[in-house]
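A closer look at the structure
Okay, here's what each chain looks like letter by letter:
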Amino acid sequence: MAKTYQQIMDEARRLVPEVSPDEVQNRLGSAAPPVVLDVREKEEFRQGYVPGAMSLPRGFLEMRVEEAVPDKSQPIVAYCAGGTRSLLAGRILKELGYSDVRSMRGGFTAWKNKGLPITEDRQFTAEQQIRYSRHFLLPEVGEVGQAKLLDAKVLCIGAGGLGSPAAFYLAAAGVGTLGIVDMDVVDLSNLQRQILHTNDRIGMPKTESARLTLQALNPDVKVVEFRERLSSENAFRIFEQFDVIVNGCDNFPTRYLANDACVMLHKPLVDGAIWQFEGQATVSNPPAGPCYRCLFPEPPPPGSTPSCAEAGVLGVLPGLVGCVQALEAIKLILGQGTPLLGRMMHFDTLSGEVRLLRLRRDPKCVVCGEHPTVTQLIDYEMFCGLGGEGPAQASGPAGVSSAA
Ligand SMILES: [Zn+2]
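Below: a short report on this structure. Positions within a chain are numbered from 1, following the residues in the order the chain's sequence is written. Totals for whole chains, interfaces and linings use every residue, but because this is a predicted model, local features are given only for residues with pLDDT of at least 70 and side-chain atom pairs only at 80 or more, for both listing and counting. By convention in this description, side-chain values take in all heavy atoms of the structure and omit both hydrogens and water.

A few points about the overall build of the protein chain
A count of helices and strands for the protein chain gives 17 helices and 14 strands. As defined in this context, the radius of gyration uses C-alpha atoms, and a globule is described by 2.2 Å times the residue total to the power 0.38. Relative to the globule expectation of 22 Å for 404 residues, the C-alpha radius of gyration of the protein chain, 27 Å, shows a markedly less compact shape. Based on the C-alpha atoms only, the size of the protein chain along its principal axes is roughly 90 × 50 × 40 Å. Within the protein chain, the proportion of its 404 residues that are buried is 50%. Surface accessibility of the protein chain: about 18500 Å² in total, with carbon and sulfur atoms responsible for 55%. Lys and Arg are tallied as positive, Asp and Glu as negative. Neither His nor the chain termini are counted. Charge positions come from single atoms, namely NZ of Lys, CZ of Arg, CG of Asp or CD of Glu. Taken as two groups, the 40 positive and 46 negative side-chain charges of the protein chain have centres that lie 6 Å from each other. The helix count covers DSSP runs of H or I at least four residues long, the strand count covers runs of E at least two residues long, and both are numbered beginning at the N terminus. The buried label goes to any residue with under 20% of its type's maximum accessible area, the exposed label to any with over 50%, and the partly exposed label to all in between, with areas taken from a 1.4 Å probe on protein chains only. All accessible-area figures derive from a Shrake-Rupley calculation using a 1.4 Å probe, and residue coverage is judged against the displayed protein chains alone.

Considering the coordination of the zinc ion
Protein coordination at the zinc ion: the donors are Cys-291 (SG), Cys-294 (SG), Cys-365 (SG) and Cys-368 (SG), at 2.3 Å from the metal. Only N, O and S atoms count as donors, using a 2.8 Å cut-off from the metal and 3.2 Å for Na, K and Ca, and because water is excluded some sites may appear unfinished. Working rule for geometry: tetrahedral if four donors all subtend angles between 85 and 135 degrees; square planar for four, octahedral for six, if opposite donors exceed 155 degrees and the others stay between 65 and 115; irregular in every other situation. Around the zinc ion sit 4 donor atoms, and with donor-metal-donor angles ranging over 96 to 123° the site reads as tetrahedral.

A closer look at the packing of aromatic side chains
Aromatic pairing here means that ring centres of Phe, Tyr or Trp (its six-membered ring) are within 6.5 Å. Orientation follows from the plane angle: under 30 degrees is stacked, over 60 is edge-to-face, and everything else is tilted. The full count for this structure, using the stated rule, is 7 aromatic pairs. Taken together through their ring pairs, the aromatic side chains of Tyr-256, Tyr-292, Phe-296 and Tyr-380 make up a single cluster. Two conditions define a charge located above a ring, namely a distance within 6 Å from the ring centre to NZ of Lys or CZ of Arg, and an angle within 35 degrees of the ring normal. In this structure, Arg-255 packs its charged tip against the face of Tyr-292, placed 5.5 Å from the ring centre.

Examining the environment of Leu-377
Note that Leu-377 resides in the loop between strand S13 (353–359) and helix H17 (381–384). Considering only alpha carbons, one finds Leu-377 and Ser-231, 146 residues apart in sequence, at a separation of 8.3 Å. Residues within four places of Leu-377 in sequence aside, it is in contact with Ser-232, Ala-235, Phe-236, Leu-257, Asp-260, Ala-261 and Met-264. The contact definition used throughout considers only heavy atoms, calling two residues in contact when any of these lie within 4.5 Å.

A look at the nonpolar core
Val-154, Leu-170, Val-175, Leu-178, Ile-180 and Leu-214 are the most contacted members of the largest nonpolar core, which totals 37 residues. Mapped by element, the contributors of at least two residues to this core are strand S6 (153–157), helix H10 (163–173), strand S7 (177–181), helix H11 (206–217), strand S9 (244–247), strand S10 (269–275), strand S11 (278–284) and helix H16 (317–334). The residues touching Leu-214, leaving out its near neighbours within four places in the chain, are Ala-167, Phe-168, Ala-171, Leu-178, Ile-180, Leu-196 and Val-223. Counting residues in hydrophobic clusters, the runner-up holds 19 residues, among them Met-9, Ala-12, Leu-37 and Ala-89. Among buried residues, those of type Ala, Val, Leu, Ile, Met, Phe, Trp, Tyr and Cys that are joined through side-chain atoms within 4.5 Å constitute a nonpolar core.

Focus: the pairing of strand S8 (residues 222–226)
Two strands make a pair as long as DSSP finds a minimum of two bridges between them. With 5 bridges connecting them, S7 and S8 associate as parallel partners. The partner of Thr-177 across the bridge, within S8, is Lys-222. Clockwise travel from the first strand over the helix to the second, with the strands pointing away from the viewer, marks a crossover as right-handed. You can see the chain leave S7, run along H11 and come back into S8, and the turn it takes is right-handed.

Some points on the packing of helix H1 (residues 5–15) against helix H5 (residues 85–95)
The axes are straight lines fitted to the C-alpha atoms, using for helices just the contacting stretch, and the angles between their N-to-C directions are given from 0 to 180°. Two numbers describe how H1 lies on H5: the axes approach to 9 Å, and their chain directions differ by 65°. At the point where H1 passes H5, the crossing takes the left-handed sense. Between H1 and H5, the residues in contact are Ile-8, Met-9, Glu-11, Ala-12, Arg-13 and Leu-15 and Leu-87, Leu-88, Arg-91 and Lys-94, respectively. Taken together, the residues of the contact of H1 with H5 sort by class into 6 nonpolar, no polar and 4 charged. Crossing chirality is assigned from the near helix's rotation relative to the far helix, an anticlockwise turn below a right angle marking it left-handed and a clockwise turn marking it right-handed. Residues are sorted three ways: Asp, Glu, Lys and Arg are charged, Ala, Val, Leu, Ile, Met, Phe, Trp, Tyr, Cys and Pro are nonpolar, and all the rest, Gly among them, are polar.

Observations regarding the environment of Leu-88
With respect to the secondary-structure elements, Leu-88 resides in helix H5. The spatial distance from the C-alpha of Leu-88 to the C-alpha of Ala-12 is 6.1 Å, given a sequence separation of 76 residues. Discounting residues that sit within four places of it in the chain, Leu-88 has contacts with Ile-8, Met-9 and Arg-58.

Limitation: the analysis is restricted to geometry and does not speak to function.
Set out below in structure tokens:
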């Protein structure tokens, strides 16, 4: 015999005991808290929810709950907006074999009216929900991770070969604030690899060209331009405003300056270097892993290494390395995966070999060691004499070993 709505609800009430919001709050603070299941629609959940609640809309309940809560003896408290949908959801959970299911009386409305704590996630616009939909599908990113990316501030040192792909992908991923430090203007010879810039922008400041490209790609991104040469005078002031520093300026004075400033400010540094057909990328954030000076305490003597302007660089190579840098920055922001701390990814594009080198921290390091001797920033260009992109020192330092 067909049942009426009233009969179904009465049946649900008999099967699923109701608990008050205060009881739920007490149980959440206990040693064995229940799983709190929010069965409202995603849009309702976004407006605010019980802290720690799991979102599982009523329409997906049967399909997804066994994956979300595999242990059927685990106590569950379901809630909706007013207490009706959660009773019906509770009835289904009982049918699926969950033994301890309750429904929160009065739902989220009653919880809120009691003045109990709520969590509100970032509200995404309709456009953002589509733009980042592929991120939302990844449990490691999701809406929480996307909110972290939008709140993150990443500084790219240089809008050149490495900075271009790095900033491009960081903007596409929705990193909310991108700082760009570069004092150069776009030159025709840059366009073979510096993909942020275009032919019609020759002569334009690179930071401006970068801003135009990045904001055309993603209007969510705020681009902060620093049309200045990074130096001991401005490094702290600029770095302090950012969470992660991506070094795309492949020359020794900047590499040492960025390293020292990041060590002193305790900021993670994502470093990249390119040389003809070879490139490498690593992350440093002592004391987790070494810094650059752990491996190379001092810059090479002036004139001992040629720059890219003298030695050349394959156009696509900085794309590879810059993308690894963007990837590492995103991992750091999300707190997902294993960053390249104490490891260096090395590409030899001609042989097609990618190696992972293990880098060791030097407890006596001049900047990140126990008794540092480098305690203020140094401008090496005064006696280093290197301006453009150049090779990383790769001639067998003590701290580098091959790791398969
Ligand atoms: Zn060090």
